[in-house]
Amino acid sequence: MSWKYSITLSSFRNLEPIQTTLENLSNVGFNSLEVYGEPDSLDVDNLTHLLASYSIGVSGVTGMWGHSSGYSKFRNMLTANNELLTAAQNYVKKCILLCQRLGGSTFNICLFSSKPLISDNNHKSLLPREKIKLASSIIGPLRELAKYASDYNIELLIEPLNRYSTPVCTEVEDAKYIIDLINQENVGMLLDTFHMNIEEDSIHNAIIRSNTMLKHVHISDNNRKMPGLAHIDFKSIIVALKKIKYSKYLTFEPTFQSSDYRNDLKFGLQYLKKLSGN
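Per chain, residues are indexed from 1 in the order of the written sequence. This being a predicted model, a pLDDT of at least 70 is required before a residue's local features are given, and a value of 80 or more before pairs of side-chain atoms are given or counted; all residues contribute to the totals for chains, interfaces and linings. Hydrogens and water are ignored here; the side-chain numbers use all heavy atoms of the structure.

Chemist: Quick one: what's the story with the nonpolar core, residue by residue and with numbers?
Modeler: Put simply, a nonpolar core is a bunch of buried Ala, Val, Leu, Ile, Met, Phe, Trp, Tyr and Cys residues held in one set by side-chain atoms that sit within 4.5 Å of each other. Here the term buried applies to any residue with accessible area under 20% of the maximum for its type, exposed to any over 50%, and partly exposed to those in between, with areas from a 1.4 Å probe on protein chains only. Counting residues in hydrophobic clusters, the biggest one holds 86 residues, and the most contacted among them are Leu33, Met77, Val92, Phe107, Leu156, Ile207 and Leu265. Think of it this way: any DSSP run of H or I at least four residues long counts as a helix, any run of E at least two long counts as a strand, and we number them from the N terminus. Among the elements that take part in this core, helix H3 (residues 82–102) stands out by supplying 9 residues, more than any other. In this structure methionine 77 touches Trp65, Leu85, Ala88, Gln89, Val92, Leu111, Phe112, Ile138, Leu142 and Leu145, once residues within four positions along its chain are discounted. Every residue pair with non-hydrogen atoms within 4.5 Å of one another is taken to be in contact.

Chemist: Break down the side chain of glutamate 253 for me, with residues and values.
Modeler: Inspection of the secondary structure puts glutamate 253 in the loop between strand E8 (249–252) and helix H10 (262–276). According to the relative accessible area criterion, glutamate 253 is buried, its value standing at 15%. Pairs of N or O atoms within 3.5 Å make up the polar contacts considered here, provided that, within protein, one atom can donate a hydrogen while the other can accept it, and that residues adjacent in sequence are counted only when both atoms are side-chain atoms. Within the structure, the side chain of glutamate 253 is placed 3.0 Å from the side chain of histidine 218, a separation counted as a polar contact. The residues contacting glutamate 253, other than those within four sequence positions of it, are Thr8, Ser11, Thr62, Asp192, His218, Ile219, Ser220 and Arg224.

Chemist: Account for the packing of helix H8 (residues 203–210) against helix H9 (residues 234–243), naming residues and giving values.
Modeler: A fitted line through C-alpha atoms serves as each axis, taken over the contacting stretch for helices, and the angle formed by two N-to-C directions is quoted from 0 to 180°. Packing of H8 against H9 leaves a shortest axis separation of 8 Å and a crossing angle of 15°. Accordingly, the angle class assigned to the pair H8 and H9 is roughly parallel. The element H8 and its partner H9 pack so that their crossing is right-handed. Facing Ile203, His204, Ile207 and Ile208 of H8, the residues of H9 in contact are Ser236, Ile237, Val239, Ala240, Leu241 and Lys243. Here roughly perpendicular refers to angles of 65 to 115 degrees, roughly parallel to angles under 35, roughly antiparallel to angles over 145, and oblique to all remaining angles. By definition, turning the near helix anticlockwise from the far helix through less than a right angle yields a left-handed crossing, and turning it clockwise yields a right-handed one.

Chemist: Hey, could you go over the sheet that holds strand E3 (residues 57–63) for me, with residue numbers and the actual values?
Modeler: Strand pairs in the sheet, formed through backbone hydrogen bonds, run parallel or antiparallel to each other. Strand pairing requires that DSSP identify at least two bridges connecting the strands. Ordered by their spatial adjacency, 8 strands build an open sheet running E1-E8-E7-E6-E5-E4-E3-E2, and the pairing between neighbours is parallel. If you trace the sheet from one side to the other, it starts and ends with strand E1 (4–7) and strand E2 (32–37), each paired once. Averaged over all pairs of adjacent strands, the angle between strand axes in this sheet comes to 30°, irrespective of strand direction. Where E1 lies against E8, 4 bridges are found, and the strand directions are parallel. Pairing of serine 6 across the sheet is with threonine 251, part of E8. In this fold H10 packs onto E1, strand E7 (214–219) and E8, with an angle of close to 160° to the strand it touches most, E1.

Chemist: Outline helix H6 (residues 172–182), listing residues and values.
Modeler: Within the sequence span of H6, burial applies to Val172, Asp174, Ala175, Ile178, Ile179 and Ile182. Angularly, the buried residues of H6 cover 160° about the axis, an arc narrow enough to put them on a single face. Contacts from the buried residues of H6 go to helix H4 (128–136), helix H5 (139–150), strand E5 (155–158), strand E6 (187–192) and H8. One or two steps after H6, the chain reaches asparagine 183, where phi turns positive at roughly 55°. Regarding the arc, it is the one traced by the directions from the helix axis to the C-beta atoms.

Okay, structure coming up:
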């Protein structure tokens, strides 16, 4: 079973010009990336030209949710304020259009919330019934967004995050519940090894439980570096992915502190390829 490799462009944001990043990615061996979801600030024409010049495709768009954006207030899907909900829906729609324009096929949804429903406090924990109540309240809007995305052949992917980000959807079972209720063919799950390392009893078993719902995987070690530079057991992850016959993208989502990242980048890619034989 084979899959494809990609990497998040947001990992290099503010480190260097995009052209420099694309040249480095091409030299290391990447031919696909995931563009960050800032549709109002990206120069799409220029980015399209640069991508073509390095023969790099687009796997999808990464939603800039929570503290990854200065606009988090207007991107929280869980809110009692109808104007803010509309703003969040419009953000998703813009990212869907961006994804379609760039030739990608996926966009991830992360469920952040606003007061008075609940605040995304550090290490906040919710009981299962509280998660269900909050998640159930947003199913209608998510279903409408899924239908909108379907018109552009884009998959909407529910991504569980760790408790230090948001307490609403933190585990595979939380995402499965939401996906089942939305009940649209183009809605699936995105799993991130960094978040799973915090929340899941077993990353291997969580991947097995996700089964055919799993449509995309974000890869980084427990310290947000490239795989093999910390202690996550990626061998067991590869075994699980092969067991469910996963054949879509493995997208690296590392955090780099400086532009001197090329050795780590190459190491992580080769490390995972060697483990998987792919």
